[in-house]
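# A structural walkthrough
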Amino acid sequence: MSLRDFLHMGGYAAYVWPSYLFTIAAIGWMVIAARRAHRRALEIARKRVVMEKSPS
Amino acid sequence: MWTWIHKFGSPPHFYRIAALLTPWFGWIAAILIATGLVWGLVFAPADYQQGDGFRILYVHAPSAWMSLFTYVVMALAAGIGLVWRIKVAHAVAASCAPIGVAFTASALVTGAVWGQKMWGTWWEWDPRLTSELILLFLYFGYMALRSAYDDPQRADRASAVLALVGVVNVPIIHYSVVWWNSLHQVASVAKIGRPSIAPEMLVPLILMFFGFNILFGAVLLTRVRGEVLLRERSADWIRALVAKS
Amino acid sequence: MTVRTGVLAAVALLVRRDLRLAFRRPSQLCNPLVFFLVVTTLFPLSLSPLASQLRDIAPGVLWVAALLSSLLALEGLLKSDAEDGTLEQMVLSGQPVVAMVAAKTLAHWFVGGLPLVVISPLAGLSLGVPPAAMWVTVEGLLMGTLTLSFLGSVGAALTVGVRRSSVLLSLLVLPLAMPLLIFGARATDLAIAGEGAAAPLYLLGALLALSATLAPFAAAAAVRIGID
């Protein structure tokens, strides 16, 4: 089975590939957004600790 | 047993355990999903009726299942947080919502694309599709309610009530194909006994199911760690954590 | 603290109080009703005045209009009481909050939902619904508006502490109300086509039973959270 046949998906390419791409994008977003959220929370925690330490 | 649960409920403990587990979950999920994708796209034989089009199943079914699973986890965590007032439980519930949106959106979109090919229409207001759409709105409503409250405690508790109220939708989604004459096909894998799907086609599906589940775990633990940090203000353990990093 | 008023007496008192307060402002009272009529009029104006075409959309229009009117009136269920502290007094009174919330919901429906049911034959006629189908429509709307009030009470209770909550309220209530819309419109559809509408009506009854028994508990929990 050649690469072209594979991409063609027996004629269903227009249905299979968008579905897979959307799901992979959704999963990718999930992972990236979660890590970003965690990093942001870490930053906020760090800022809080710094603010408490400073005498002002 | 209770001390174990109490440990989990203690934020610093939870944070530490989550940090340890996340990379394991992440890598295992990556391997399972990658294998499942390749197997499902390349090695699984084409379907007798739908040809290669049926391969959408390998992303559609796990997404749909996870959309329900996530809501159940969210409702369970919300209930535990509400009844026993455990902050980590509320953090888990809050973290589930965006994950649920992603899975539900994926299920709806892949389903619509597949439906267009199979039934000739992107959308039908049949019970399963409608209740899955309601699930998406429930997730949005949950997040909107959360953000409407400034006080994090009240946000936690109000959204917990909402999550519990909405849980009636989950059995409706699951059993809609049994109770009504739905466009959507009846379950072919979860039937007790012999699943009515060929093993060469079944294995990648199982891989994807497990992969998605473990991915859920990894993403959830990451988000909960962030939520826990936000809720704990400036406890000692956070100071130590910040000092280390 | 001994509570000297029985639960049923307290419920009756609360319903009477809410009704009396509502009737003090007759213009406010008519708002949901007028809204309902206006919405049902807008559709023939914007789509098509042909009776045959209207008949097709009539069930949907009636139910959407009822849903929107209910949503409009819903914010008033708890807001005014929360603002002047009466809600807090109700929670502190020692009476079961579930009963208090159920009482308020009933009074609210009496003023906001029941008029819609009464006027619905008129609206239905204007949309080309044949008189034979009218009874099914009224039955369906009777159960539907009551269910909406109960579902709405949960949404109202959840957002009682939020300022400008009307959009959020709609976002919370609409997903829960979607099955209602589907079954209700289907019932009228079947009746217009001359077929038996028993199935969707039974389902509407089931939804009413479910919401009437469960919603007050959820709303009471939400009220307590909002009051704290």
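Read on for an overview of the structure. None of these values were measured; they are calculated from a predicted model.

### Let's talk about the overall build of chain C
When helices and strands are counted, chain C shows ten helices and zero strands. Reading the secondary structure of chain C in the N-to-C direction produces α-α-α-α-α-α-α-α-α-α. The C-alpha atoms of chain C give a radius of gyration of 18 Å, which matches the 17 Å a tight globule of 228 residues would have. Expressed as lengths along the three principal axes of its C-alpha atoms, the size of chain C is roughly 65 × 35 × 30 Å. Within chain C, the fraction of its 228 residues that count as buried is 46%. Within chain C, contacts between residues separated by at least 24 positions form 81% of all contacts whose residues are at least 6 apart in sequence.

### Remarks on the overall build of chain A
Per the secondary structure count, chain A includes two helices and zero strands. Computed over the C-alpha atoms, the radius of gyration of chain A is 22 Å, more than 25% above the 10 Å expected from 2.2 N^0.38 for a compact globule of 56 residues. With the C-alpha coordinates of chain A rotated into their principal frame, the extents come out at 70 × 20 × 10 Å. The buried share of chain A, taken over its 56 residues, is 23%.

### A look at the nonpolar core
Core analysis: the largest hydrophobic core is formed by 154 residues, its most contacted members being M74, A93 and V161 of chain B together with A157 and A222 of chain C. Looking at which element gives the most residues to this core, the answer is helix α4 (residues 87-118) of chain B, with 17 residues. In this structure, M74 of chain B is in contact with A93, C96, A97, G100 and A163 of chain B, ignoring residues within four places of it in sequence.

### Points about the interface of chain A and chain B
Between chain A and chain B, the contact holds 31 residues from the first and 33 residues from the second. At 26 residues, helix α2 (residues 13-53) of chain A tops the list of elements feeding residues into the side of chain A that touches chain B.

### Overview of the environment of S80 of chain C
All names here are of chain C. On the secondary structure map, S80 appears in helix α4 (residues 79-83). A count of 12 C-beta atoms within 10 Å places S80 in the exposed class. In sequence terms S80 and V160 are 80 residues apart; their C-alpha atoms lie 9.6 Å from each other.

### Observations concerning the interface of chain C and chain B
Contacts between chain C and chain B engage 19 residues on the former and 17 residues on the latter. For the side of chain C that touches chain B, the element with the highest residue contribution is helix α9 (residues 166-192) of chain C, accounting for seven residues. Among the residues forming the side of chain C that touches chain B, the class breakdown is 14 nonpolar, four polar and one charged.

Parameters at a glance
- Residues numbered from 1 in each chain as written.
- Chains lettered and ligands numbered in written order.
- Predicted model: local features only at pLDDT ≥ 70, side-chain atom pairs only at ≥ 80, totals over all residues.
- Helix = DSSP H or I, 4+ residues; strand = E, 2+ residues; numbered from the N terminus.
- Rg over C-alpha atoms; globule rule 2.2 N^0.38 Å.
- Buried ≥ 20, exposed ≤ 12 C-beta atoms within 10 Å, placed from the backbone.
- Contact = placed C-beta atoms within 7 Å.
- Core = buried A, V, L, I, M, F, W, Y, C linked by C-beta atoms within 7 Å.
- Nonpolar A, V, L, I, M, F, W, Y, C, P; charged D, E, K, R; others polar.

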